[in-house]
Amino acid sequence: MIYYYINVWYYKTMKITMLMLFLLKNPHTFEFREVDDLIRISLLEEDEGCQMVFTHIFDDKEMAMYIAAGWHRCLDALQQIVNRQPVEWKDNSAELRKLYREAFDRF
């Protein structure tokens, strides 16, 4: 396992946070902790391109709908960037939280 330390600037809070990068398996996996959460991004080779597998492990069930909605919006933006489109942030946070709350309530 490889350990790296990286500093991340959060423009909304105007703070710098140090993250410990736990795993970097070139070129496929990037894993780090943010406070107590574990975030892993893996790229899996496929016939034509690759598939990104995004995992965020946390232990606060009440935050699940907020975290899922936030990442949903970020991954939508990433999709636009990858497809060389201008990034347009939809104003759909409330709608996504409702969607995820209903989905998670079934568990």
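Residues numbered from 1 in each chain as written. Predicted model: local features only at pLDDT ≥ 70, side-chain atom pairs only at ≥ 80, totals over all residues. Heavy atoms only, no water.

1. Remarks on the pattern of salt bridges
No. 1: Summed over all chains, the structure comprises two salt bridges.
No. 2: For the salt bridge of Glu31 with Arg40, the shortest nitrogen-to-oxygen distance reads 2.6 Å.
No. 3: The class for Glu31 is buried, based on a relative accessible area of 8%.
No. 4: With relative accessibility at 28%, the residue Arg40 sits in the partly exposed group.
No. 5: We note a salt bridge from Glu102 to Lys98, for which the minimum N-O separation is 2.9 Å. Remark: Lys98 and Glu102 occur in helix H2 (residues 93–105); sequence separation between them is four residues, near one turn of the helix.
No. 6: On the basis of relative accessible area, Glu102 is assigned to the partly exposed category, the value being 38%.
No. 7: For Lys98, a relative accessible area of 43% puts it in the partly exposed group. (Salt bridge = Lys/Arg side-chain N within 4 Å of Asp/Glu carboxyl O. Buried < 20%, exposed > 50% of the residue type's maximum accessible area, 1.4 Å probe, protein only. Helix = DSSP H or I, 4+ residues; strand = E, 2+ residues; numbered from the N terminus.)

2. Observations concerning the packing of aromatic side chains
No. 1: Counted according to the given criterion, the structure contains three aromatic pairs.
No. 2: Measuring from centroid to centroid gives 5.2 Å for Phe30 and Phe32, while their planes differ by 50°, and the two rings are tilted.
No. 3: Looking at Phe30, the relative accessible area reads 29%, which means it is partly exposed.
No. 4: Pairing Phe54 with Trp71 gives two aromatic rings, centres 4.5 Å apart and planes at 55°, and the pair type is tilted. (Phe/Tyr/Trp six-rings, centres within 6.5 Å; stacked < 30°, edge-to-face > 60°.)

3. Quick look at H2
No. 1: Its 13 residues place the ends of H2 18 Å apart at the C-alpha level, agreeing with the 18 Å of an ideal helix rising 1.5 Å per residue.
No. 2: Within the sequence span of H2, burial applies to Ser93, Leu96 and Tyr100. The buried residues of H2 all sit within an arc of 65° when viewed along its axis, so they share a single face. What points out from H2, more than 90 degrees from its buried face, is the exposed set Ala94, Glu95 and Asp105.
No. 3: Packed against the buried residues of H2 are helix H1 (64–82). (Expected span 1.5 Å × (residues − 1). Arc of directions from axis to C-beta. Contact = heavy atoms within 4.5 Å.)

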